[in-house]
Amino acid sequence: MTALFACLGGALFILAVPPLNLWPLIFVFLVPLSMAAMSARRGWHVLLMTWVVWLVVWLILNRWIRDVTGPGYPLLCAYLGLYPMVYVWLFRRVARASVFASVPLALVTAVLWTGLDFVRGNIVFTGDPFYLLAHPTLPWAAFGQSADLLGAYFSSFLVAFVAGGILDLGVVLAPHKSRGAGQAMEPSRARATGWYGVLASILLILLNWGYGGYRLGQEEPLAPGPAALVIQTNLPQSNKIFRGPEQEVADVNDIIQLTLQAADTLANQNRPIDFVVWPETMLPAGGLEPETTSWLAEQGYYPGTYYLELAQKLQQHLDCPLLIGSSAYLGMTLDGDFLRPSEEYNAVYLVTGQPPYARYDKQLLTPFGETIPYLDQWPWLEQKVLALGAPGLRLTLQPGLDSGPLVLPENGGLRIATPICFEATNGRLTRELVHQDPDHPAQLIANLSNDGWFGDDIGGRQAHVQAVRFRAIENRTPVIRAVNTGLSVWIDSNGVIR
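Rules used throughout
Residues numbered from 1 in each chain as written. Predicted model: local features only at pLDDT ≥ 70, side-chain atom pairs only at ≥ 80, totals over all residues. Heavy atoms only, no water. Pairing = 2+ DSSP bridges. Helix = DSSP H or I, 4+ residues; strand = E, 2+ residues; numbered from the N terminus. Phe/Tyr/Trp six-rings, centres within 6.5 Å; stacked < 30°, edge-to-face > 60°. Buried < 20%, exposed > 50% of the residue type's maximum accessible area, 1.4 Å probe, protein only. Salt bridge = Lys/Arg side-chain N within 4 Å of Asp/Glu carboxyl O. Expected span 1.5 Å × (residues − 1). Contact = heavy atoms within 4.5 Å. Patch = residues over 30% accessible without salt bridge, like charges linked within 9 Å, V, L, I, M, F, W, Y side chains within 5 Å. Areas by Shrake-Rupley, 256 points an atom, 1.4 Å probe, with all protein chains shown as cover. 1 Å grid on protein atoms, 1.4 Å probe; cavity = no way out; pocket = protein on both sides within 12 Å on 5 of 7 lines; lining within 4 Å. Points joined across faces, edges and corners; volume = space filled by probe spheres on them. Nonpolar A, V, L, I, M, F, W, Y, C, P; charged D, E, K, R; others polar.

Re the sheet that holds strand β9 (residues 479-484)
- With respect to topology, five strands assemble into an open sheet ordered β6-β7-β8-β9-β10, the strand pairing being mixed. Two strands lie at the open edges of the sheet, namely β6 (406-408) and β10 (490-491), each paired on one side alone.
- Looking at chain direction, β9 and β10 are connected through two bridges and run antiparallel. Bridge pairing in β10 places Ile-480 opposite Trp-490.

Dropping the structure here:
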């Protein structure tokens, strides 16, 4: 029975999240997992079973990682499997402890799972905030609206609270089992505690539903915004890592042609464009820093000022600002046979007027994609690990300094927060970007991303969109995503995909 409960919990989670998206199951998957914790005869049995089951769960959900790093794929999934195992261990101890006998299982479940999700999503290895319990609930549009009060983790807390309320209902119906404890609690006391959890679950869901309905009913004050032309490219990740100069030029020419074609189509329909958005790192090589590109041109090195001039000409032809994802190189020098910048950032440039252009530098580098957490303090060791786990991948980026929204002067000073790729999964950082100036918060979030990392996996792409939709709700700010290989979307301030 313990093995059955553990497997059922993992299976329900897989069914609830992308790509299957049977989202109501997210409210119940913790029920069998918690029952496994309570009913197992031996603690180490259920811990081992839980870890094995969730190792398989994460291997299925994160299978795209095998194309990025073969050795890192099972290691990451083995690490993620520890969190449900720790949940089972803690839940078993708390549910059986006499000191917590009067605490409803709804509260126990919600605090433990949400707390561990917070540790996973924000602390260890700089965070892995995918597949939070709140994310699959977005089809129930009213449910997640309270995230503007306490964030996506509060919505996850409510999901876990419901599962715990179901467990409390089991205690009400069978109080003699006393939550799996070794010595039975007095039945009337167990039943009373169970009723507290059941009623609290119902009350919280009703209050949350009412608040969500109130928020969704505020459509009237929403005003039309600027017209953004978002270009979605389709470059495989191998192109982004291993391409040479000829392929780089061809890729940039392709996106320029896509942009011109789209702009011409809109012009023929008398639909003006206020600004254009390209995905992350679409401009390769030297970036758009005048000092760097001029130095490269003077020394006779590719690409010189080639991409800077292209961006200028495109902006002048379209007569509107461009948000362009590019690397930013500063302080370029020649080190033997190699060109080395003193600073290198993953950046978003606002191309308008004359250079130098305003830019935002990515502050939260993607763990294991742009940096190896903890090992980045010892570059030589980081390179050794990289050569073993993902040969060919270079990790030379630095985290950017604190910077705020980019301001489009042509659009009445429109302020745009631009979290790059993985950054938009982090609620704290996105809030800081939007509200850096509390008196003048950003009016729009533009998430430039490269989801080529996901290969052919649609589930990873959908999970990325789910996380970003909560940034719209938390900040009551619409979001546009320009994403290489998709999914590019426009999300309103209620988190609804338009």
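Next comes the rest of the account.
Side note on the packing of aromatic side chains
- Considering all chains together, one arrives at 24 aromatic pairs under this definition.
- Summarising the aromatic geometry, the rings of Trp-23 and Trp-140 are spaced 6.5 Å apart at their centres and angled 40° between planes, so their arrangement reads as tilted. Here Trp-23, found in the loop between α1 (2-16) and α2 (30-39), pairs with Trp-140, found in the loop between α6 (105-122) and α7 (147-150); they are 117 residues apart in sequence, far enough to count as distant.
- Overall, the relative accessible area of 22% leaves Trp-140 in the partly exposed class.
- Members of the aromatic cluster, connected to one another through ring pairs, are Phe-13, Phe-29, Trp-54, Trp-58, Tyr-87, Phe-91, Trp-113 and Tyr-131.

A look at the pattern of salt bridges
- Under the counting rule described, the total for this entry stands at twelve salt bridges.
- Across the salt bridge formed by Asp-361 and Arg-359, the nearest N and O atoms sit 2.6 Å from each other.
- The buried category is assigned to Asp-361, whose relative accessible area is 10%.
- Arg-359 sits in the partly exposed class, given a relative accessible area of 22%.
- For the salt bridge of Asp-451 with Arg-481, the shortest nitrogen-to-oxygen distance reads 3.8 Å. Taken together, the residues span a long stretch of sequence, with Asp-451 in the loop between β8 (444-450) and α16 (458-475) and Arg-481 in strand β9 at a distance of 30 residues. Assigned by exposure class, Asp-451 and Arg-481 land together as buried.
- Here the residues in one salt-bridge network are Asp-117, Arg-120 and Asp-128, joined through shared partners.

Observations concerning the pairing of strand β3 (residues 322-335)
- As paired elements, strand β2 (residues 275-277) and β3 share two bridges and run parallel to each other. Residue pairing for β3: Val-276 is matched across the bridge by Leu-322.
- Looking at chain direction, β3 and strand β4 (residues 338-351) are connected through 13 bridges and run antiparallel. Within β4, the position partnered with Ala-328 by the bridge is Tyr-345.
- Between β3 and β4, which pair antiparallel one after the other, the connecting turn spans two residues, and Gly-336 there sits at a positive phi close to 70°.

Let's talk about helix α5 (residues 82-96)
- Between its first and last C-alpha atoms α5 spans 21 Å; for 15 residues at 1.5 Å apiece the expected length is 21 Å, and the two agree.
- Those residues of α5 lying buried are Tyr-83, Pro-84, Tyr-87, Val-88, Phe-91, Arg-92, Val-94 and Ala-95.
- Tucked inside the fold, the buried residues of α5 contact α2, α3 (43-61), α4 (72-80), α6 and α8 (152-173).

Focus on a nonpolar patch on the surface
- A cluster of nonpolar side chains, contributed by Trp-44, Leu-48, Val-52, Val-56 and Ile-60, occupies part of the molecular surface with about 460 Å² of accessible area.
- Mapped onto the fold, Val-56 is located in helix α3.
- With relative accessibility at 42%, the residue Val-56 sits in the partly exposed group.

Things to note about empty space enclosed by the protein
- Inspection of every chain in the model, using the stated rule, returns three cavities of 30 Å³ or more.
- In this model, the largest cavity occupies a volume close to 70 Å³.
- Lining the largest cavity, in full, are Phe-13, Trp-54, Trp-58, Tyr-83, Pro-84, Trp-113, Leu-116, Asp-117, Arg-120 and Tyr-131.
- Elements with a minimum of two residues in the lining of the largest cavity: α3, α5 and α6.
- Of the residues forming the lining of the largest cavity, the biggest block, four residues, is contributed by α6.
- The class makeup of the residues in the lining of the largest cavity is eight nonpolar, no polar and two charged.
- Size it by volume and the second largest cavity reaches roughly 50 Å³.
- In terms of lining, the second largest cavity is formed by Thr-137, Leu-138, Trp-140, Ala-141, Gly-144, Gln-145, Arg-469, Ile-473, Asn-494, Gly-495 and Val-496.
- Here the lining of the second largest cavity is built from residues that sort into five nonpolar, five polar and one charged.

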